[in-house]
Amino acid sequence: DQQVKQNSPSLSVQEGRISILNCDYTNSMFDYFLWYKKYPAEGPTFLISISSIKDKNEDGRFTVFLNKSAKHLSLHIVPSQPGDSAVYFCAASVTRGGKLIFGQGTELSVKP
Amino acid sequence: ETGVTQSPTHLIKTRGQQVTLRCSSQSGHNTVSWYQQALGQGPQFIFQYYREEENGRGNFPPRFSGLQFPNYSSELNVNALELDDSALYLCASSYRRDNNYGYTFGSGTRLTVV
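Residues numbered from 1 in each chain as written. Chains lettered and ligands numbered in written order. Predicted model: local features only at pLDDT ≥ 70, side-chain atom pairs only at ≥ 80, totals over all residues. Heavy atoms only, no water.

Q: Before we go on, may I ask you to explain the overall build of chain B in this structure?
A: A count of helices and strands for chain B gives 0 helices and 11 strands. In chain B, the order of α-helices and β-strands from amino to carboxyl end is β-β-β-β-β-β-β-β-β-β-β. In terms of overall size, chain B behaves like a compact globule, its C-alpha atoms giving a radius of gyration of 14 Å where 114 residues would be expected to give roughly 13 Å. A principal-axis box enclosing the C-alpha atoms of chain B has dimensions of 45 × 25 × 25 Å. Here the contacts in chain B between residues at least 6 apart in sequence split such that 53% fall between residues at least 24 apart. Accessible area for chain B stands at about 5700 Å²; split by element, carbon and sulfur atoms hold 45% of it. When the 9 basic and 9 acidic side-chain charges of chain B are each reduced to a single mean position, those positions are 4 Å apart. (Helix = DSSP H or I, 4+ residues; strand = E, 2+ residues; numbered from the N terminus. Rg over C-alpha atoms; globule rule 2.2 N^0.38 Å. Contact = heavy atoms within 4.5 Å. Areas by Shrake-Rupley, 256 points an atom, 1.4 Å probe, with all protein chains shown as cover. Lys, Arg positive; Asp, Glu negative; His and termini not counted. Charge placed at Lys NZ, Arg CZ, Asp CG, Glu CD.)

Right, here's the structure in full:
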């Protein structure tokens, strides 16, 4: 039972354009959502998070949107840069500090 | 901040053997979690330790066990290794204070079982 799903295994975007990564979840008890970026041979690096009481959170070029009724969240990267090329994971938890349930990841490639 | 360090970075073991993976958590972080990431998949939660006691466990058999020590370091032990245990094992430390928390991941240990 995959509670967190990233249905696009890969995404290719031109430098300077917007990257939109999507994530769907099934568990309505999830209270906290996070996005991580992962380069090969490194651990996941935290990007941005959002609490279930909010529908948007911004941090520089990164914005996360949460649609609770649709059980959907997305990560927007504007403008995209070649250094953003990595695998992006969304993750969710029922309680803050509790276990994280990860999606399968989306590999983003930003072309110069 | 000292970050999260894991050792070893790579390891090759034979089926049936036992392995111990180590994690040095970020100073002051009293919660540590372990995850298994198979190739092409997202990390899967193995278990979590809080103040040296197991505080949640994922869908992994008892041959996966752990320890957390007072100095914020921890271990993941896997007995009777199987080929399917080949994966990247990630350690994450977090700190709970009121409503503020976050997770810091180590770079992982790549375990290959042959």
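Back to the text.
Q: Can you help me understand a nonpolar patch on the surface in this one?
A: Residue and element names in this part refer to chain A. Among the surface-exposed residues, Ile18, Ile20 and Val78 lie close enough to one another that they form a single nonpolar patch of about 220 Å² accessible area. Note that Ile20 resides in strand 3 (residues 19–25). Overall, Ile20 belongs to the partly exposed group, its relative accessible area being 36%. (Patch = residues over 30% accessible without salt bridge, like charges linked within 9 Å, V, L, I, M, F, W, Y side chains within 5 Å. Salt bridge = Lys/Arg side-chain N within 4 Å of Asp/Glu carboxyl O. Buried < 20%, exposed > 50% of the residue type's maximum accessible area, 1.4 Å probe, protein only.)

Q: Would you mind showing me how to read the nonpolar core here?
A: Within the largest apolar cluster, 24 residues are counted, with the highest numbers of intra-cluster contacts made by Val4, Phe33, Trp35, Leu73, Leu75 and Tyr88 of chain A. Counting residues per element, the ones that place at least two in this core are strand 3, strand 4 (32–38), strand 5 (45–51), strand 7 (62–67), strand 8 (72–77), strand 9 (86–93) and strand 11 (106–111) of chain A. Ranked by residues supplied to this core, first place goes to strand 9 of chain A with 4 residues. Filtering out sequence-adjacent residues up to four positions away, Leu73 of chain A remains in contact with Leu21, Asn22, Cys23, Tyr25, Phe33, Trp35, Val64, Phe65 and Leu66 of chain A. Counting residues in each nonpolar core, the second largest holds 19 residues, with Val4, Val32, Trp34 and Phe64 of chain B among its members. (Core = buried A, V, L, I, M, F, W, Y, C linked by side-chain atoms within 4.5 Å.)

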